[in-house]
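Coordinate analysis (summary)
Below are the chains, spelled out letter by letter.
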Amino acid sequence: MYKSESKFRLAALASLCLAASLLSVNSFADKFEHLAMTPPMGWNSWNHFGCNVDEKMIKATADMMVKSGMKDAGYEYVNIDDCWHGERDANGRIQPDPKHFPSGMKALADYVHKKGLKLGIYSDAGWTTCAGKPGSRGYEFIDAKTYAEWGIDYVKYDWCATDGLKAEGAYMTMSKAVKEAGRPMILSICEWGDNKPWNWAAPLGQLWRTTGDIYACFDCEYDHGTWSSWGVLQILDMQDGLRKFAGPGHWNDPDMMEVGNGMTLAEDRAHFSMWAMLAAPLIAGNDLRNMSKETTALLTNKAVIAVDQDALGIQGFKYEAEDGVEVWFKPLVNDEWAMAVLNRNNHDTKFEFRWRHKAVKDELTKRSIDFNADEYSWQDLWDKDNSGSTKDFLKIKMERHSVFMVRLTPKAKDAK
Ligand code: GLA
């Protein structure tokens, strides 16, 4: 009796151990650790160029990333999106389109690496990409190996033509393929938030899209018939409830930026600032070869970038909203905070903030500010001549679709 009971216990223990080891294999799947400890920064071809990609343009973009000061400001990845593909060869190995990439991807990666930058590429978990090029379905391991041999550093992996596939499994396969290929490549999961990737993608990749595609407008829905793309405000609102899933090495991705693609300067600033408040990947999507001085200055604003890239990696949150004006906070290292005031209205407005009457409590990170007890100095991140203290009222005029963004430093520290 005793013997068989202990046998039973042993068997139960053994199967428990097996289940636990299987579980841990699953939950710590295959990704390279220590990649993207702050949100990735770079550029991607899709928002401006769509399918018109070629090696000349990619090289010129890498040149401009250095010349414009973007590289110095932290931008690193030059990412080719859809439509670089040619055919698979007799061994199933994908080839770049020979007309647009005649020198091949290895040569392009070498060029980009010589500039101190990294090269990203795009594929799709389905049979074809969204533009109808060959997808990686059935070729995951050979594709990841090919990318690694070319010297690719970042793989964006899309979700078109995937009928019958399960997202978590499909992305796990590519994650394993990337790991097996042996080169630390970021895996950017792009299934538009359809399968709630925040619940399962952190062990598989470094970032996951939370929404459908962005569109270069501040406040609109662009209806394509069977699907829509979204303006900045629409995408911002879709981030609600997701901050707890993000952190170093695993980020919510509200899509690539539309800065410099036709919105007003104030709208571009608001877009960029809110992406920084969200600790979002900062992937520019404009034509770097032809950007205005204003766009260059905007994309290289180091004070705003520092908010995005803060080492704590805590996504910001909405603190209050009234009459179309929102106030957001984001905890930063050394007890500093970023604050952004966003005028969503289609008209100019006035905004007042009585600091001393306010207390901020972040339930998620247990960080808080009591402005009545503690004084902070603030520095305007878009106007370096503008600063102040939280002991005074804040009274500002705001243009339509604009942002006011500051960094708050505890006064005692400030004085040191
Ligand atoms: C999808 C993605 C976009 C882009 C295109 C390319 O729509 O969400 O970001 O990669 O495909 O076809």
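In what follows, the structure referred to is the one given above.
The written sequence of each chain sets the order in which its residues are numbered from 1. Per-residue local features are limited, in this predicted model, to residues with pLDDT of at least 70; the limit for side-chain atom pairs, both in listing and counting, is 80 or more; totals at the level of whole chains, interfaces and linings are taken over all residues. Only hydrogens and water are set aside when side-chain values are computed; all heavy atoms of the structure are taken into account.

1. Looking at the side chain of Glu 267
Tracing the backbone through its elements, the reader meets Glu 267 in helix α9 (residues 265–277). Type-normalised accessible area, obtained with a 1.4 Å probe on protein chains alone, sets the label of each residue: buried when under 20%, exposed when over 50%, and partly exposed for intermediate values. For Glu 267, a relative accessible area of 8% gives the class buried. We call two residues in contact when some of their heavy atoms are within 4.5 Å. Not counting residues up to four positions away in its chain, the partners in contact with Glu 267 are Phe 218, Arg 400 and His 401. Under the scheme used here, helices are H or I runs from DSSP no shorter than 4 residues and strands are E runs no shorter than 2 residues, and both carry numbers assigned from the N terminus.

2. Some points on the site of the ligand
Taken together, 13 residues surround the ligand, and among them Asp 81, Asp 82, Lys 156, Asp 158 and Asp 213 come closest. Whenever a nitrogen or oxygen atom comes within 3.5 Å of another N or O atom, the pair is scored as a polar contact, on the condition that within protein one atom can donate a hydrogen and the other can accept it, and that pairs from neighbouring residues in sequence are kept only if both atoms are in side chains. In the model, an oxygen atom of the ligand is placed 2.9 Å from a nitrogen or oxygen of the Trp 192 side chain. A pocket, in this scheme, is an open set of points on a 1 Å grid over the protein atoms alone with protein on both sides within 12 Å along at least 5 of 7 lines, while a cavity is a set where a 1.4 Å probe fits but cannot get out; residues line either one if an atom lies within 4 Å of a point. Cavities and pockets are treated as containing a molecule whenever more than half of the molecule's atoms lie within 2 Å of their grid points. If you map the ligand onto the pockets, it falls in the largest pocket. Here the term charged refers only to Asp, Glu, Lys and Arg, the term nonpolar to Ala, Val, Leu, Ile, Met, Phe, Trp, Tyr, Cys and Pro, and the term polar to all other amino acids, Gly among them. Its residues placed into classes, the shell around the ligand shows seven nonpolar, no polar and six charged. The criterion for a residue being near a molecule or strand is simple. One of its heavy atoms has to lie within 4 Å of it.

3. Describing the state of the cysteines
When two cysteine sulfur atoms lie within 2.5 Å, the pair is treated as a disulfide. Taken as a whole and assessed by the stated rule, the structure comprises three disulfides. Covalently, Cys 51 is tied to Cys 83 through a disulfide, its sulfur atoms 1.7 Å apart. Taken as a pair, Cys 51 in the loop between α2 (46–49) and α3 (55–67) and Cys 83 in the loop between β2 (77–79) and β3 (85–88) lie far apart in primary sequence, 32 residues in all. Cys 190 takes part in no disulfide bond, and the closest cysteine sulfur to it belongs to Cys 130, at a distance of 7.0 Å. Residue classification places Cys 190 among the buried positions, given a relative accessible area of 1%.

4. Some thoughts on the packing of aromatic side chains
Any Phe, Tyr or Trp ring, taking Trp's six-membered ring, that has another such ring centre within 6.5 Å forms a pair; planes under 30 degrees apart are called stacked, those over 60 apart edge-to-face, and the others tilted. Applying the stated rule across the entire model yields 19 aromatic pairs. Taken together, the ring pairs connect Tyr 319, Phe 329, Trp 337, Phe 351, Phe 353, Trp 355, Phe 371 and Tyr 376 into an aromatic cluster. By definition here, charges over rings are those cases where NZ of Lys or CZ of Arg is within 6 Å of the ring centre and within 35 degrees of the ring normal. When the ring centre of Tyr 139 is taken as origin, the NZ or CZ atom of Arg 88, which lies over that ring, is 3.7 Å away. Taking the ring centre of Phe 32 as reference, the NZ or CZ of Lys 179 above it sits at 5.5 Å.

5. What about the pairing of strand β15 (residues 337–343)?
Of all seven residues that make up β15, seven are buried, and the element is covered over most of its length. Burial of the side chains of β15 extends over both faces: Trp 337, Met 339, Val 341 and Asn 343 are buried on one face and Ala 338, Ala 340 and Leu 342 on the other. Only strands joined by at least two bridges in the DSSP assignment are considered to pair. Across seven bridges, the pairing between strand β14 (residues 325–331) and β15 is antiparallel. If you follow Val 325 over to β15, its bridge partner there is Asn 343. Counting the residues that bridge the hairpin from β14 to β15 gives five residues, and of these Asn 334 lies at a positive phi of roughly 60°.

6. Some details on the packing of helix α6 (residues 140–150) against helix α7 (residues 167–181)
Every axis corresponds to a line fitted to the C-alpha atoms, with the helix fit spanning only the stretch in contact, and the corresponding angles, defined between N-to-C directions, vary from 0 to 180 degrees. Remark: α6 packs on α7, axes separated minimally by 8 Å, with the N-to-C direction vectors making an angle of 40°. Taken together, the axis directions place α6 and α7 in an arrangement best described as oblique. At the point where α6 passes α7, the crossing takes the right-handed sense. Residue-level inspection shows Glu 140, Phe 141, Asp 143, Ala 144, Lys 145, Tyr 147 and Ala 148 of α6 in contact with α7, the latter providing Thr 173, Met 174, Lys 176, Ala 177, Val 178, Glu 180 and Ala 181. Looking at the contact of α6 with α7, its residues break down into eight nonpolar, one polar and five charged. Working definition: roughly parallel below 35 degrees, roughly antiparallel above 145 degrees, roughly perpendicular at 65 to 115 degrees, and oblique for all remaining angles. Handedness of a crossing follows from how the near helix is turned relative to the far one, being left-handed for an anticlockwise turn of less than a right angle and right-handed for a clockwise one.

7. Let's talk about empty space enclosed by the protein
Grid points are joined across faces, edges and corners, and a volume is the space filled by probe spheres set on the points. Counted under the stated rule, the structure contains one cavity of 30 Å³ or more. Within this model, the largest cavity holds a volume of roughly 110 Å³. As for the largest cavity, its lining consists of 16 residues, of which Asn 44, Tyr 154, Lys 156, Ser 188 and Met 256 are closest to the centre. When contributions to the lining of the largest cavity are tallied by element, the ones reaching two or more residues are β5 (118–124), β6 (154–158) and β8 (207–209). Grouping the amino acids of the lining of the largest cavity by side-chain chemistry returns eight nonpolar, three polar and five charged.

8. A look at the environment of Gly 74
Tracing the backbone through its elements, the reader meets Gly 74 in the loop between α4 (70–73) and β2. Through-space distance from the C-alpha of Gly 74 to that of Ala 306 is 9.5 Å; in sequence the pair is 232 residues apart.

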